[in-house]
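Structural description and commentary
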Amino acid sequence: MTIEDIIKSNSPLPVAKKTVLNILYTQNAIADKFNEVLKPFDISTEQFNVLRILRGQKGCPANMCLIQERMLAKTSNTTRLVDKLLLKELVTRQVCPDNRRKIEVLITTKGLALLNELDPKIEDNENYFAQHLSIHEMEQLNYLLEKFRN
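Scope of this entry: the structure provided in the associated data block. The written sequence of each chain sets the order in which its residues are numbered from 1. Only residues with pLDDT of 70 or above have their local features reported here, since the model is predicted, and side-chain atom pairs are shown and tallied only from 80 upward, although totals for entire chains, interfaces and linings are computed over all residues. The side-chain figures draw on all heavy atoms in the structure; neither hydrogens nor water molecules are used.

1. As for a nonpolar patch on the surface
- Note that patches include only residues with greater than 30% relative accessible area and no salt bridge, and the join distances are 9 Å for like charges and 5 Å for nonpolar side chains (Val, Leu, Ile, Met, Phe, Trp, Tyr). We get accessible surface area from the Shrake-Rupley algorithm with a probe of 1.4 Å; when it comes to residues, only the shown protein chains can shield them. The term salt bridge refers to a side-chain nitrogen of Lys or Arg lying within 4 Å of a carboxyl oxygen of Asp or Glu. A surface patch of nonpolar side chains, amounting to about 550 Å² of accessible area, comprises Val20, Ile23, Leu24, Leu133, Leu141, Leu145 and Phe148.
- Helix numbers and strand numbers start at the N terminus; a helix is a DSSP run of H or I with at least 4 residues, a strand a run of E with at least 2. Within the residue set of the nonpolar patch, elements represented by two or more residues are helix H2 (15-38) and helix H7 (135-149).
- Secondary-structure assignment places isoleucine 23 in helix H2.

2. Some remarks on the environment of arginine 149
- Among the structural elements, arginine 149 can be located in helix H7.
- Along the chain, arginine 149 and leucine 90 lie 59 residues apart, while their C-alpha atoms are 33 Å from each other.

3. A word on the sheet that holds strand E3 (residues 103-107)
- Whether two strands pair depends on DSSP finding at least two bridges between them. One open sheet accounts for 3 strands, arranged E1-E3-E2; its pairing is antiparallel. The sheet terminates laterally at strand E1 (62-63) and strand E2 (91-95), the two strands that pair on one side only.
- Of the strands in this sheet, E2 and E3 touch helix H5 (residues 78-87), which is tilted by about 120° from E2. Note on contacts: a residue pair qualifies if any of its non-hydrogen atoms lie within 4.5 Å across the two residues. Interaxial angles span 0 to 180 degrees and are taken between N-to-C directions of axes, which are lines fitted to C-alpha atoms, for helices over the stretch in contact.

Spatial relationships are all this shows, so hold off on functional conclusions.
Pasting the structure below:
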């Protein structure tokens, strides 16, 4: 189905507008499906992103600045996200012993277990969207999206 069909446009769209609308519509479709996967685990996309960042630290603490730098959604309130993860006992937070102004965050065993449970579900979700594209097409799409974004 074309984007014109989806938005019920009677006239052809300029190619730049069509491209942006296609990207936005696709992003929403991906986000909706991703949220379906996360909903039973009572975790948001942004909280999931923080947990993945912390897991990537391989046991080393991360400060709020590092987490914010690596977030996909740069507008996220990192402190609020970490607070919610603390309440769920998925992370710990402590003052850095070397710099008392810095807060260090670590993923807990419970947080790691949650990610391990989610990993195959997330992979299935990613494969769902990729199923109609070849490896070459996905590489080309990634190249084009990066070129478009930059």
